[in-house]
Amino acid sequence: MYKYVLRRVFWTLPTLLVVFTVVFFVMRVVAGDPAVVILGEHATAEALTNLRHQLGLDQPLRVQYYTALVNLFRADFGRSFINNQPIAPQIFQVLPYTIELTMAGIIIGVFLGVPLGILSAVRRNKMTDYLSRVFSLIGLSAPAFYLGILLLLLFAVQLDWFPIIGFSQSGGLTRRLNHLFLPALSLGLTFAAFMARMSRSTMLEKLSADYVRTARSKGVPEFKVIFKHAMRDSLISIVTVIGIYVGVLMGGSILTETIFNRPGLGKFLVGAIWQRDYNAIQSGLVIYTSIIVLVNLAVDLLYGFIDPRIKYT
């Protein structure tokens, strides 16, 4: 198992390198000049030239790429082109908020979508199944940011149950959860719709398997047939979808953080893109990629605990 983990970690390096390379060259090809963003459109040519020299933007692309790559392997994210502040503290200051929002969305999606999908499969072609499928269709059709706006209008503006925007760093756990609930719900409902549809299709397949029919013929109670046999055999598919959807939820958190005015890595990246802050964009996307790769690694390792027949080679 240790060899498997080391091999997987080793293969993450080329993935990070490809992401870094693509981001580096794309950001330097698209229109926009950080020097103009910093000094303004009315800055003199001499001032722009001097600032580009200070930022190293007047060097050949291969030199800039090599310098940035060396700094990345040193775990040095460099300084922001805009405020000249170290990037790493800025990222790690807002990263917990994005992780918090993503994890809350996953929890809502799993605890709402999986039971709904199982109930829909057990009561196939009945009213419960029809309602579940309608919910899945609506949830998959509506983007998370659109759901966020609707939730704000209903629960914050009309009912005044939750704060409209912002976040809370004080006031205890209750106040923090009060600010987190609506953003997490806007992400979690979309994920729940996907999980309900996936859980339903997986459970329908497992419930028609030979070992389930055998268990029923032996007189095993239906509750054990569903949860001990069919549900357990479906866990690998469920865990796989959760691992894949982490990246989707983290991407969706960008607009969600903007709508609800929450700090986070997504909002940080949006600001860096508007300001053409190359170093901040590169660093933020590398962090995003690293999290997704680590989640996929954790999912692979969970397979062995879910199904002992799986061997790591």
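1. A short note on the layout of surface pockets
Okay, step 1: Its boundaries defined by the atoms lining it, the largest pocket holds a volume of some 440 Å³.
Okay, step 2: What lines the largest pocket is a set of 23 residues, and nearest its centre among them are Ala68, Asn71, Gly78, Phe81 and Asn279.
Okay, step 3: A class-by-class count of the residues in the lining of the largest pocket yields 8 nonpolar, 12 polar and 3 charged.
Okay, step 4: In this model, the second largest pocket occupies a volume close to 290 Å³.
Okay, step 5: As for the second largest pocket, its lining consists of Leu13, Pro14, Leu16, Leu17, Leu69, Leu72, Phe73, Ala75, Phe77, Val286, Ile287 and Ser290.
Okay, step 6: For the lining of the second largest pocket, the secondary structure elements donating two or more residues are α1 (2–29), α4 (61–73) and α12 (278–306).
Okay, step 7: Ranked by the residues each element gives to the lining of the second largest pocket, the list is headed by α1, at 4 residues.
Okay, step 8: A breakdown of the residues in the lining of the second largest pocket according to their chemical character gives 11 nonpolar, 1 polar and no charged.

2. Description of the packing of aromatic side chains
Okay, step 1: A full pass over the atoms with the stated rule returns 2 aromatic pairs.
Okay, step 2: Each ring, one from phenylalanine 20 and one from tyrosine 65, has its centre 6.0 Å from the other, and the planes form 35 degrees; the classification is tilted. Of this pair, phenylalanine 20 sits in helix α1 while tyrosine 65 sits in helix α4, placing them 45 residues apart in sequence.
Okay, step 3: Looking at phenylalanine 20, the relative accessible area reads 2%, which means it is buried.
Okay, step 4: With relative accessibility at 17%, the residue tyrosine 65 sits in the buried group.

Cut-off values and rules
- Residues numbered from 1 in each chain as written.
- Predicted model: local features only at pLDDT ≥ 70, side-chain atom pairs only at ≥ 80, totals over all residues.
- Heavy atoms only, no water.
- 1 Å grid on protein atoms, 1.4 Å probe; cavity = no way out; pocket = protein on both sides within 12 Å on 5 of 7 lines; lining within 4 Å.
- Points joined across faces, edges and corners; volume = space filled by probe spheres on them.
- Nonpolar A, V, L, I, M, F, W, Y, C, P; charged D, E, K, R; others polar.
- Helix = DSSP H or I, 4+ residues; strand = E, 2+ residues; numbered from the N terminus.
- Phe/Tyr/Trp six-rings, centres within 6.5 Å; stacked < 30°, edge-to-face > 60°.
- Buried < 20%, exposed > 50% of the residue type's maximum accessible area, 1.4 Å probe, protein only.

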